[in-house]
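Read off the chains here:
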Amino acid sequence: MEFIITEHAQIDIIKIKGRIDSYSAPQLEKAITALIERGRSQFIIDMEEVTFISSSGILLFVNLFKQFLRENEGKIAFSGVSDLVVSGFKLAGFDRLFEFFPNQTSALDHF
Amino acid sequence: MKTKSFPGNYQNLEAISNFIVDQAQEADFSSHEIYAIQTAVDEACSNVIDHAYQGENKGLINICVEIINNGIKIIIQDDGIPFDPEDVPEPDITSPLEIREERGLGIFFMRKLMDEVRFDFSQTIGNTLTLVKFRGG
């Protein structure tokens, strides 16, 4: 997995490439935690080039959502998620927690 | 039938996935079915590392794939402590998020995505998890 973080005013776009699994999810979590510690809290997760996500990857985002809910601050949305990758979110019933946009531009427009 | 052994660490999950995807493609599954099999095996192997071996690089994950009539049978074996996925309660995915217990999501995925999930333990062989999926199942 590789990821690139791009800052757009208040919003950070995290573009991920490859697999999000038990190996890569902790690396991603560390990077997002570092952003939150810097006061950032608006994230668009670009998953256009994500080929696979396991339960550990899905739970990373669910726990982030829960943290934002508890603290009443922060937002997370996804863009470019393929049907296959979104199927894991749907199976666990987590798709209703997040907004999914077709691409980065529409995510930024509606964020 | 093809058999491969992988050192039990998270970095190897990708190599395991590639092996499984190759076999599932040979068995003529659809892309959604292949993704489902890939997910179930990834969750199973993560559980082996987390629960049976209780950490990385404690032993091997041996995977045997057999293309059967109208489907695929995957046997995952390890030498860790007994771990029966049946002992893990399913998460209640309808309960409110704030109180919801997320443990067991990987096993929930395995049960939902495969047609058969069977666990066996023996002192000589260790843990054996058998996953079966049928085309169009």
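Please refer to the structure placed before this passage.
Everything quoted here is computed from the prediction, not taken from an experiment.

The next point concerns the sheet that holds strand S3 (residues 71-78) of chain B. Residue and element names in this part refer to chain B. What the five strands build is an open sheet, ordered S1-S2-S3-S5-S4; its pairing is antiparallel. The open sheet is flanked by strand S1 (2-7) and strand S4 (116-122), the only strands paired with a single partner. Geometrically, the sheet is characterised by an average inter-axis angle of 15° between neighbouring strands, direction not taken into account. Bridge analysis of S1 against strand S2 (residues 60-68) gives six bridges, and the strand direction is antiparallel.

To continue, consider the pairing of S3 of chain B. Residues and elements named next belong to chain B. The buried fraction of S3 amounts to six of the eight residues, a majority that puts the element mostly inside the structure. Looking at chain direction, S2 and S3 are connected through eight bridges and run antiparallel. Its bridge partner being in S3, Asn62 is matched across the sheet by Gln77. Between the end of S2 and the start of S3, which pair antiparallel, lie two residues, with Asn70 showing a positive phi angle near 65°.

At their nearest, the axes of helix H3 (residues 83-92) of chain A and helix H2 (residues 31-52) of chain B sit 10 Å apart, and the two run at 55° to each other. Put simply, H3 of chain A runs oblique to H2 of chain B. You can see that H3 of chain A and H2 of chain B cross each other, and the crossing is right-handed. Residue-level contacts link Leu84, Ser87 and Gly88 of chain A of H3 of chain A to Ser31, His32, Tyr35 and Thr39 of chain B of H2 of chain B. Of the residues in the contact of H3 of chain A with H2 of chain B, the class split is two nonpolar, five polar and no charged.

Cut-off values and rules
- Residues numbered from 1 in each chain as written.
- Chains lettered and ligands numbered in written order.
- Predicted model: local features only at pLDDT ≥ 70, side-chain atom pairs only at ≥ 80, totals over all residues.
- Pairing = 2+ DSSP bridges.
- Helix = DSSP H or I, 4+ residues; strand = E, 2+ residues; numbered from the N terminus.
- Axes fitted to C-alpha atoms, helices over the stretch in contact; angles between N-to-C directions.
- Buried ≥ 20, exposed ≤ 12 C-beta atoms within 10 Å, placed from the backbone.
- Parallel < 35°, antiparallel > 145°, perpendicular 65-115°, else oblique.
- Left-handed = near helix turned anticlockwise from the far one by under 90°.
- Contact = placed C-beta atoms within 7 Å.
- Nonpolar A, V, L, I, M, F, W, Y, C, P; charged D, E, K, R; others polar.

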